[in-house]
Amino acid sequence: SSAATEGNPSSGGPTSVEPGSASGSASGSGAEEPWLELGWGVTEFNAYDGVLPILVGPQGLAMFSVPLRGAGFYNPPDPGFDNPDMPILQAWVDVEGYDGSPSGHLNEVVDYPALFTPSLDLPGALEGSAVWLLIPDDVQPDQLQGLAAHLHADMIDANGLMLSDDHDLVIGEPPPPPDGP
C-alpha cells in the first residue's frame, strides 16, 4: 500500500499545501510531501510549458482538458464516483472579459469526485482522469487564442488535506509532438 492510499478518513480542518513545496520528505519518515499537479491532454498527462491548449475532445467539443497527478493524499482503496471518500476537486479557468460561469469564471467544475489510479510512469504517484473545462457555447475558441488565462484547482481529501495548483498561461494551440521515435 502506498502513502497515497494509507490511513482512514477522519474529520479535521483542511491543510493547504502549496504547489512547489512537494519535494523532500514528511517529518523525516521518508514519505513524500503531498502534492497535486495539473497538466493538459485528453488521454495522457503533459506538463504545461506556458500554453493552455484548446483541445477538441472525443465528443467534438472545444475544451481545456486537464488531467491530474499527485501523491500523499488519501485515495480510497476502491475509488469510484459514488464513493464518499473520494478526493473532491474544484477547478476553474479565468480569462479577463469572460465570466459566464455562476462564480464568474470562463468555466469551472465544482465538487467533482477526482478519480485517481496508480501511475504507470511515476512510482508512488497517482494519476487522475482529465477534467474537461468546456469552452462555453457562446464563445468561439479562436476568440481566446493568445489571451492570458489563470488555471486553478483545489482538491480536498477525506482526511481534510487540501492541495492546490495554479498556472498563469496563454491560451493557444497544443505544442507539436516531440521529434524522434
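The present account deals with the structure reproduced in this document. Note that this is a predicted model, so its numbers are computed, not measured.

Looking at the overall build of the protein
- Counting its regular elements, the protein contains 1 helix and 13 strands.
- The helix and strand sequence of the protein, counted from the amino end, reads β-β-β-β-β-β-β-β-β-β-β-α-β-β.
- Considering the protein as a whole, with its 181 residues, one finds that 41% of them fall into the buried category.
- When contacts within the protein are restricted to residue pairs at least 6 apart in sequence, those whose partners lie at least 24 apart make up 64%.

Focus: the pattern of salt bridges
- For the structure on display, the rule yields 1 salt bridge.
- In this structure, Glu 37 engages Arg 69 in a salt bridge whose closest nitrogen and oxygen atoms are separated by 2.9 Å. With Glu 37 in strand S4 (residues 35-38) and Arg 69 in strand S7 (residues 62-71), this pair connects stretches of sequence that are 32 residues apart.
- Exposure remark for Arg 69: the relative accessible area of 17% places this residue in the buried category.

Section: the layout of surface pockets
- The volume enclosed by the largest pocket comes to roughly 260 Å³.
- Taken together, 15 residues make up the lining of the largest pocket; nearest its centre are Thr 43, Glu 44, Phe 45, Glu 127 and Gly 128.
- Counting only elements with at least two residues in the lining of the largest pocket, the list comes to S7, strand S10 (116-118) and strand S11 (126-134).
- Its residues assigned to classes, the lining of the largest pocket shows 7 nonpolar, 4 polar and 4 charged.

Here's the deal with the nonpolar core
- Among the nonpolar cores identified, the biggest contains 34 residues, and Leu 52, Phe 64, Leu 89 and Leu 144 are the most heavily contacted of them.
- Breaking this core down by element, the ones donating at least two residues are S4, S7, strand S8 (88-94), S11, strand S12 (148-156) and strand S13 (161-172).
- Residues contacting Leu 89, with those up to four places away along its chain left out, are Leu 68, Val 109, Val 110, Asp 111, Tyr 112, Ala 114, Val 131, Ala 153, Asp 154 and Met 155.

As for the side chain of Asn 107
- Relative to the helices and strands, Asn 107 resides in strand S9 (residues 107-113).
- With relative accessibility at 18%, the residue Asn 107 sits in the buried group.
- When neighbours within four sequence positions are excluded, Asn 107 is seen to be in contact with Ala 91, Trp 92, Val 93, Ser 101, Leu 133 and Leu 134.

So, the pairing of S7
- Of all 10 residues making up S7, 10 are buried, and the element is well covered by its neighbours.
- Bridging between S4 and S7 involves 4 bridges; their strand directions are antiparallel. By the bridge assignment, Leu 36 is partnered in S7 with Gly 70.
- With 7 bridges joining them, S7 and S11 adopt antiparallel strand pairing. Residue pairing across strands places Phe 64 opposite Leu 133, the latter belonging to S11.

Overview of unusual backbone geometry
- Here Asp 111, not a glycine, exhibits a phi torsion of approximately 55°, which is positive.
- Structurally, Asp 111 is set in strand S9.

Definitions and limits used
Per-chain numbering applies: the sequence of each chain, read as written, is numbered from 1 onward. Side-chain atom pairs in this predicted model are given and counted only at pLDDT of 80 or more, local residue features only at pLDDT of at least 70, and totals for whole chains, interfaces and linings cover all residues. Side-chain figures throughout are based on the complete set of non-hydrogen atoms in the structure, without hydrogens or water. Each helix is a run of H or I in the DSSP string that is no shorter than four residues. Each strand is a run of E no shorter than two, and both are numbered from the N terminus. Only protein chains enter the accessibility calculation, which uses a 1.4 Å probe. A residue is then buried if its area is under 20% of the maximum for its type, exposed if over 50%, and partly exposed in between. Note on contacts: a residue pair qualifies if any of its non-hydrogen atoms lie within 4.5 Å across the two residues. Whenever Lys or Arg places a side-chain nitrogen within 4 Å of a carboxyl oxygen from Asp or Glu, that contact is recorded as a salt bridge. In this analysis, the protein atoms alone were mapped onto a 1 Å grid. Cavities are point sets where a 1.4 Å probe fits without being able to get out; pockets are open sets with protein on both sides within 12 Å along at least five of seven lines; lining residues have an atom within 4 Å of a point. Grid points are joined across faces, edges and corners, and a volume is the space filled by probe spheres set on the points. Gly counts as polar in this scheme, as do all residues outside two lists: the nonpolar Ala, Val, Leu, Ile, Met, Phe, Trp, Tyr, Cys and Pro, and the charged Asp, Glu, Lys and Arg. Here the nonpolar core consists of buried residues drawn from Ala, Val, Leu, Ile, Met, Phe, Trp, Tyr and Cys, with membership extended through side-chain atoms lying within 4.5 Å. When DSSP finds two or more bridges between two strands, those strands count as paired.

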